[in-house]
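Structural description and commentary
The chain contents come next:
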Amino acid sequence: MSRYLHTMIRITDPEKSRAFYEALGMEYRRDMDIVRNGEREATDYFFGYPGQEEELELTFNHDGRAYELGTGYGHIAIGVDDLDATLAALKEQSIEPEREPYRVREGDSRLCFFRDPDSYRVELIERA
């Protein structure tokens, strides 16, 4: 039997990324150094929501290289119970949405998008 485990994205500043994803309610779970030929090549940081096994893996490569997002990446989607309360809590940490919340179709849940410290898009969807 197969199951979904995690999604990995590359980051450039572990502290800023950790603060961003913790502000979204994720918990830091662990980190793991990737060592090749006796040298630390990268560090993986794992985050997830309490009570859920699935994780977000943030990979920081220690060689200082930069990354382009590419055209295939879309976004990470996160469900929230109260979008207004979530927006207020994020605003207190200077995290602002790309634009005000909206609905794709009348009667649908409200949603909005943010950019993480590396410009990855994160969608918040209000679960009604």
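Presented here is an overview of the structure given in this document.

The rules we used
- Residues numbered from 1 in each chain as written.
- Predicted model: local features only at pLDDT ≥ 70, side-chain atom pairs only at ≥ 80, totals over all residues.
- Heavy atoms only, no water.
- Pairing = 2+ DSSP bridges.
- Helix = DSSP H or I, 4+ residues; strand = E, 2+ residues; numbered from the N terminus.
- Axes fitted to C-alpha atoms, helices over the stretch in contact; angles between N-to-C directions.
- Contact = heavy atoms within 4.5 Å.
- Phe/Tyr/Trp six-rings, centres within 6.5 Å; stacked < 30°, edge-to-face > 60°.
- Buried < 20%, exposed > 50% of the residue type's maximum accessible area, 1.4 Å probe, protein only.
- Lys NZ or Arg CZ within 6 Å of the ring centre and 35° of its normal.

Some words on the sheet that holds strand β1 (residues 6-11)
- Taken in spatial order, the four strands make up an open sheet running β1-β4-β3-β2, and their pairing is mixed. Each having just a single partner strand, β1 and β2 (27-36) make up the two edges of the open sheet. Here the strands of the sheet are splayed against their neighbours by 25° on average, with no regard to which way each runs.
- Against the sheet, helix α1 (residues 14-23) contacts β1, β2, β3 (39-48) and β4 (55-61), and its axis sits at roughly 165° relative to β4.

Side note on the packing of aromatic side chains
- Tallied over the full model, the rule gives three aromatic pairs.
- Here Y28 and F47 contribute two aromatic rings whose centre-to-centre distance is 5.7 Å and whose plane-to-plane angle is 65°, an arrangement assigned as edge-to-face. In this pair, Y28 sits in strand β2 while F47 sits in strand β3, placing the two residues 19 residues apart along the sequence.
- Residue F47 is classed as buried on the basis of its relative accessible area of 1%.
- Relative to Y120, the ring of Y73 lies with its centre 5.2 Å away and its plane at 70°, an arrangement referred to as edge-to-face. Here Y73 is found in the loop between β4 and β5 (76-80), whereas its partner Y120 is found in the loop between β7 (110-115) and β8 (121-126), with 47 residues between them in sequence.
- Here R99 stacks its cationic end above the ring of Y102, 3.7 Å away from the centre of that ring.
- Lying over the aromatic face of F113, R121 brings its terminal NZ or CZ to 3.9 Å of the ring centre.

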